[in-house]
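# Observations on the model geometry
Read off the chains here:
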Amino acid sequence: MTIALTGNQQDLAEAVAGFTARHAPIAATRAAFDELAAGQPQPSWHALVRQGFHALHLPESAGGDGAGLVELAVVLEQAAFGLFPGPLLPTVLAGQLIAEHAPAALAGRLLPRLVAGVTAASAVTAAGLRAVRSGDGWRVSGKSAPVLGGAGAQILILGAQADDRTVWFAADTAAAATDDNAAAATDDNAAWIRASIEVVQAEPVDLTRDVARLILHDLAVPDEQVLDVDQDRVRDLAAALFAAEAAGVARWCQRAGLEYAKVREQFGQAIGSFQAIKHKCARLFARSQLITAAAWDAAVAHGQNPGQFALAAAAAASALPAATDLGLETVTLFGGIGYTWEHDVHLYWRRATSLQALLGPAAAWPRRVAELSRATERRHDLRLDGEPDGLRAWVTETLAEAAAMAPDKQRRFLAERGLAAPHYPRPYGIEASPAAQVVILQEFERAGLAQPSTTVGEWALPTILAHGTEEQREAFVGPTLRGDLVWCQLFSEPGAGSDLASLRTRAEKADGGWRLDGQKVWTSQAAEADWAICLARTDPAAPKHKGISYFLIDMHSPGVEVRPLREANGGYLFNEVFLTGVFVPDDRLVGTPGDGWRLARTTLGNERVNIATGMGRRQVRPVDYLPALDDQASPEALAQMMTECGAITADLLAFTAMSQRLLLRQIAGLQQGPEASVLKVVAAWNATRLQQAALSWQGPDAAIIDGTNGAASQRYLSLPPTLIGGGTLEIQLNVIAERVLGLPR
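The notes below deal with the structure included here. (Residues numbered from 1 in each chain as written. Predicted model: local features only at pLDDT ≥ 70, side-chain atom pairs only at ≥ 80, totals over all residues. Heavy atoms only, no water.)

We now examine the overall build of the chain. For the chain, the helix and strand inventory stands at 25 helices and 19 strands. The C-alpha radius of gyration computed for the chain amounts to 30 Å, which stays within 12% of the reference 27 Å derived for 745 residues, consistent with globular compactness. Dimensions of the chain, computed from the C-alpha atoms along their principal axes, are close to 105 × 70 × 55 Å. Taking all 745 residues of the chain together, 54% fall into the buried category. Look at the contacts in the chain between residues 6 or more apart in sequence, and 74% of them connect residues 24 or more apart. Computing the positive centroid from 64 side-chain charges and the negative centroid from 81, the chain places the two 5 Å apart. (Helix = DSSP H or I, 4+ residues; strand = E, 2+ residues; numbered from the N terminus. Rg over C-alpha atoms; globule rule 2.2 N^0.38 Å. Buried < 20%, exposed > 50% of the residue type's maximum accessible area, 1.4 Å probe, protein only. Contact = heavy atoms within 4.5 Å. Lys, Arg positive; Asp, Glu negative; His and termini not counted. Charge placed at Lys NZ, Arg CZ, Asp CG, Glu CD.)

Written out as C-alpha cells, the structure is:
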C-alpha cells in the first residue's frame with residue numbers, strides 16, 4: 001500500500017518512482033556522499049527541477065501546479081523509496097510555509113525562485129535562537145538546532161524565541177533583483193545576511209543530504225520578512241511531510257527484507273518458510289501499512305480545519321519511531337550482510353533515524369496527540385462524487401418517520417424499506433452501492449439512530465443470499481432483518497478452531513434429510529438463537545477440506561443441548577453446543593453436499609472484516625480513561641501516562657485511517673488489497689495495548705473489580721474473545737505471510 005489512492009495519484013507515484021530510478025541510482029548517490037553533506041545540488045536535483053516535482057504544491061501564480069499536500073506526500077514517499085538525495089524535503093517544507101504564511105510581497109519574491117530551483121530549508125524548532133524587538137523589525141542571535149538542508153540552502157525559514165512569542169522569518173542569502181538599483185540594494189542585503197549567518201556544516205546521520213547548525217550574529221529581520229505562523233503549525237507541517245518520507249523508507253525496508261526471506265536458504269530451505277520469519281515479515285508489513293495510513297491521514301487532514309490537521313500530523317509524527325525500528329528489524333532480518341557498509345539497508349535505516357531525530361524528542365509527539373485528542377475527535381470529510389440522486393432526501397424523510405416509532409416497530413419499518421441492510425438485493429435491501437451505503441450511514445448518524453444489526457446474521461445472511469435457494473432466502477433473510485430471528489454460528493469444535501477443516505461433527509443421510517452428531521464450542525448467543533449456521537462432515541472419506549457441508553439448524557430441534565461456558569472474566573458470553581441425532585431437512589442444506597468449505601469462506605470473510613472494523617461502532621478512546629486519573633497521579637506519572645496514551649491513540653488513528661482508505665477504495669470500485677487481515681492484526685495489537693495500559697494506569701485500584709476502577713480490570717479480562725474471534729493473531733500473521741506476501745508454506 002502506498003499513499004497514492006486515486007488513479008491520478010497512482011499515476012503520479014509511478015512517474016516519481018520511474019524518475020528516481022533513472023536519475024538517482026543509489027550507486028551515484030554513494031559516490032556523492034561528500035558533496036551531499038556539503039549541500040551541493042546534484043544532477044538529480046536539476047533534473048527534478050526540470051520535471052517540476054519540487055513545485056507541485058506551490059501556487060500556479062508562482063509557476064507551480066497548485067496541487068495539495070496529498071500529492072506532495074505522494075512525491076515525497078516515492079522519492080524516499082528510491083532514496084532520492086539532496087534538498088527535496090527541506091525545500092518543499094520551506095516552500096509550503098512561505099506559500100501559506102508569508103506576506104504577499106515576500107511570497108511573490110520567494111516562490112518563483114523556488115520554482116526555478118533555488119534550494120531552501122526550514123528549522124522545525126526555535127530552540128537556540130533569541131529575537132529582540134528593534135524598530136520595525138527584530139534582531140536575532142544564537143545557535144540553531146540542526147537544520148536539514150541548512151548547509152546548502154539559499155532561502156532559510158528560521159524561528160527565534162521572543163519574550164512573548166516565537167518569531168518565524170525568512171532569510172534570503174542569495175536574493176535576485178530585476179533592475180540595477182534594486183539589484184544593488186538586494187545584493188547589499190544579501191551580503192549583510194550572509195555576514196550575519198554562520199553555517200556550521202555537520203556530519204549527517206543521513207548520508208544522502210546535509211545538516212547544519214546556523215549561528216546568527218545580530219541578524220536584522222524586518223517585519224516584512226516575518227511569517228504569520230506559530231511553532232506548532234511549523235512542526236505540524238514538518239511532521240506531515242517527514243511522515244510521508246518515513247512511509248517510503250518503511251515500505252522499501254519491508255519489501256527488501258521480504259524478498260531476502262524468499263531467497264536466503266538455511267538448513268536446505270528458504271528462511272521465509274520458518275514460522276518465526278513469517279511472523280516477523282507479516283508484522284513488518286502490517287506496521288509499514290500503519291505508517292503509510294498515518295502519513296496519508298495527515299496529508300488529507302491538511303485540507304480540513306487546523307485542529308484536525310494538528311491531531312493527524314501529531315499522530316503521523318508518532319509513527320516515525322516505528323519506521324526507525326522497522327529499519328533496524330530489516331537490518332537484523334538480513335543478518336550480518338545487512339550490517340555492512342556496502343548494503344543499502346543501512347542508508348534507509350539512517351534516513352529514518354534522521355527524520356525521527358530532527359522532529360525532536362519522540363515522547364513529545366504522543367503527549368501532543370493525547371492532549372489534542374481530549375478536545376478533538378478525528379473526523380473524516382467524506383466527499384462522494386457518485387451520490388445517487390434523491391437518495392439522501394428519501395433516507396432523511398424515512399428516518400424522520402422511523403424516529404417517532406417504538407423500537408420494535410422502528411426495526412420492522414426500516415427492514416421493510418430496505419434500510420436494515422441496504423446493500424442487500426431487493427426486496428431485502430435497496431442494492432445500495434458503497435457510496436449509497438455511506439450516505440445512508442451518514443443520515444442514520446445525523447438522525448441519532450443506530451442502523452439495525454443482526455449480529456451473527458451479518459455473517460449468515462450473505463452466505464444464504466449468495467448460495468441459498470429462493471425458499472431459504474424467503475424463510476430467513478426478511479425475518480432476520482425484521483428482528484424475528486436470532487442466529488448463532490456452529491463452526492468451532494474442541495479439536496477444530498483455527499484449523500476448522502479438521503471438524504468431526506458428522507452428518508449422515510436420513511430419509512428426507514440428515515442426522516447430525518457432534519460438539520461445537522465457543523458459540524455466542526446460542527441460548528438466545530433461533531437458528532444456527534453449522535458445518536458438518538458429510539463424507540468422512542474425502543480430504544479434510546472436502547466432504548464438509550453447510551447446514552441451517554433450528555436451535556429448538558430435539559437433540560440440541562446448549563451449555564453455557566463461564567469465562568475468565570466471570571461472564572457467560574460463550575456456550576458449548578451438543579448435537580445428538582439432530583434432524584435437519586434436505587431443504588436446510590445450503591448449496592450441495594461437500595460445498596461447505598467454499599461457503600464457509602463467505603461467512604469467515606464477513607466475520608473478519610466486521611471484527612476488525614468494529615462494524616462502525618465508536619471505539620473507546622485511550623483519553624477517555626485519563627480524566628479521572630488527573631487528580632490522583634503525580635506529574636511524572638501523569639506525563640508517562642500521557643505519552644503512553646498518545647502512542648496508543650496514534651495507532652488507533654492509523655487503524656481508522658486504514659479503514660477509511662478501504663472504504664474509499666470500495667466506493668471507487670478499486671481492487672481490494674490485504675486490508676481485512678491486516679486490520680484484524682492491528683485491531684488485536686491495539687486492543688491489547690489499550691487494555692494493558694488502562695489497567696496499569698489504575699495502579700493498586702485495579703486489583704478490585706467494582707465501580708469505576710473495576711471496569712479497567714474487567715475489560716482487560718475480556719480481551720481473549722477479541723484476540724481469538726475470526727482467527728487468532730498467529731493465524732492471521734500466517735495468512736498475511738503466505739497469502740499476501742507469498743512466503744512458502
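The end-to-end C-alpha separation of helix H1 (residues 7-23) is 24 Å, in line with the 24 Å expected for 17 residues at 1.5 Å each. Considered for burial, the residues of H1 that qualify are Gln-9, Leu-12, Ala-13, Val-16, Phe-19 and Thr-20. Down the axis of H1, the buried set is contained in an arc of 130 degrees. They therefore lie on one face. In H1, the exposed positions angled more than 90 degrees off the buried face are occupied by Glu-14, Ala-21 and Arg-22. Where H1 is buried, its residues touch helix H4 (43-51) and helix H5 (69-81). (Expected span 1.5 Å × (residues − 1). Arc of directions from axis to C-beta.)

Before going further, it helps to spend a moment on the nonpolar core. With 159 residues, the main nonpolar core has Ile-98, Val-140, Phe-169, Leu-216, Leu-227 and Phe-242 as its most contacted residues. Considering every element that reaches this core, the biggest residue donor is helix H9 (residues 231-263), with 19 residues. For Leu-216, the residues in contact, after removing those within four places along its chain, are Leu-129, Val-140, Ser-141, Gly-142, Leu-158, Phe-169, Ser-196 and Ile-197. Core analysis: the next-biggest nonpolar cluster, separate from the first, contains 29 residues, Tyr-428, Phe-491, Ile-548 and Ala-600 among them. (Core = buried A, V, L, I, M, F, W, Y, C linked by side-chain atoms within 4.5 Å.)

Examined against the element boundaries, Asp-297 turns out to sit in helix H10 (residues 275-301). For the pair formed by Asp-297 and Arg-378, sequence separation is 81 residues and the distance between their alpha carbons is 10.0 Å. With sequence-adjacent residues up to four places away left out, Asp-297 is seen in contact with Ala-312, Arg-378, His-380 and Ala-657. Side chain to side chain, Asp-297 and Arg-378 meet in a polar contact 2.9 Å long. (Polar contact = N/O pair within 3.5 Å; in protein donor to acceptor, adjacent residues only side chain to side chain.)

A separate point is the packing of H10 against helix H21 (residues 635-668). One can describe the packing of H10 onto H21 by two numbers: an axis separation of 8 Å at closest approach and a directional angle of 80 degrees. Put simply, H10 runs roughly perpendicular to H21. Here Arg-287, Gln-289, Leu-290, Ala-293, Ala-294, Trp-296 and Asp-297 of H10 come into contact with H21, specifically with Asp-651, Ala-654, Phe-655, Ala-657, Met-658, Gln-660, Arg-661 and Leu-664. Looking at side-chain class alone, the contact of H10 with H21 contains nine nonpolar, two polar and four charged residues. (Axes fitted to C-alpha atoms, helices over the stretch in contact; angles between N-to-C directions. Parallel < 35°, antiparallel > 145°, perpendicular 65-115°, else oblique. Nonpolar A, V, L, I, M, F, W, Y, C, P; charged D, E, K, R; others polar.)

All right, on to the packing of H10 against helix H11 (residues 306-318) then. Working note: a packed helix pair is described by the angle between its axes plus the distance between those axes. As a packed pair, H10 and H11 sit with axes 8 Å apart at the nearest point and diverge in direction by 160 degrees. As far as their axial angle goes, H11 and H10 are roughly antiparallel. In the packing of H10 onto H11, the handedness of the crossing is left-handed. The residues of H11 that touch H10, namely those facing Ala-294, Ala-295, Asp-297, Ala-298 and Ala-301, are Gln-308, Phe-309, Ala-312, Ala-313 and Ala-316. Classifying every residue of the contact of H10 with H11 by side-chain character gives eight nonpolar, one polar and one charged. (Left-handed = near helix turned anticlockwise from the far one by under 90°.)

So, about a nonpolar patch on the surface. Together, Ile-705, Tyr-716 and Leu-717 give the surface a local cluster of nonpolar side chains, amounting to about 240 Å² of exposed area. On the basis of relative accessibility, which here comes to 32%, the residue Leu-717 falls in the partly exposed class. (Patch = residues over 30% accessible without salt bridge, like charges linked within 9 Å, V, L, I, M, F, W, Y side chains within 5 Å. Areas by Shrake-Rupley, 256 points an atom, 1.4 Å probe, with all protein chains shown as cover. Salt bridge = Lys/Arg side-chain N within 4 Å of Asp/Glu carboxyl O.)

Here we take up the side chain of Thr-398. Relative to the helices and strands, Thr-398 is located in helix H15 (residues 391-403). When near neighbours in sequence (up to four residues on either side) are disregarded, Thr-398 contacts Phe-413, Arg-417 and Leu-419.

Three- or four-residue spacings in an α-helix give side chains the same orientation, since the helix completes a turn every 3.6 residues. Taking 1.5 Å of rise per residue, 14 residues should cover 20 Å, and helix H6 (residues 88-101) covers 20 Å from first to last C-alpha, within 8% of that figure. Among all positions in H6, only Leu-88, Leu-89, Pro-90, Thr-91, Val-92, Leu-93, Ala-94, Gly-95, Gln-96, Leu-97, Ile-98 and His-101 are buried.

Looking now at unusual backbone geometry. The omega torsion of the bond from Arg-426 to Pro-427 falls at 10 degrees, within 30 degrees of zero and hence cis. Note that Pro-427 resides in the loop between helix H16 (407-416) and helix H17 (434-447). A positive phi is found at Gln-525, a non-glycine position, where the angle reads about 65 degrees.

As a further point, take the packing of aromatic side chains. Under the definition given, this model contains ten aromatic pairs. Relative to Trp-531, the ring of Phe-476 lies with its centre 4.8 Å away and its plane at 75 degrees, an arrangement referred to as edge-to-face. With Phe-476 in helix H19 (residues 470-482) and Trp-531 in strand S15 (residues 531-537), the pair connects residues that are 55 residues apart, well separated along the chain. Exposure class is identical for Phe-476 and Trp-531. Each is buried. Ring centres 5.8 Å apart and planes at 65 degrees place the aromatic pair Trp-514 and Phe-551 in the edge-to-face group. Highlighted residues: Trp-514 in strand S14 (residues 513-524) and Phe-551 in strand S16 (residues 548-554), separated in sequence by 37 residues. (Phe/Tyr/Trp six-rings, centres within 6.5 Å; stacked < 30°, edge-to-face > 60°.)

For Glu-474, the position within the fold is in helix H19. Residues Glu-474 and Tyr-428, spaced 46 residues apart in sequence, show a C-alpha to C-alpha distance of 9.4 Å. Setting aside residues no more than four positions away along its own chain, Glu-474 makes contact with Tyr-428 and Pro-479.

On to the pattern of salt bridges. The tally for this structure, following the rule as stated, stands at 35 salt bridges. Arg-392 is the salt-bridge partner of Glu-443, the closest N and O atoms lying 2.7 Å from each other. Taken together, the positions of Glu-443 in helix H17 and Arg-392 in helix H15 put the pair 51 residues apart, joining distant regions of the chain. When its relative accessible area of 4% is taken as the criterion, Glu-443 is described as buried. Between Glu-738 and Arg-745 there is a salt bridge, and its shortest N-O distance comes to 3.5 Å. A relative accessible area of 74% places Arg-745 in the exposed class. Each member of the salt-bridge network shares a partner with another, and the members are Asp-206, Arg-209, Glu-245 and Arg-351.

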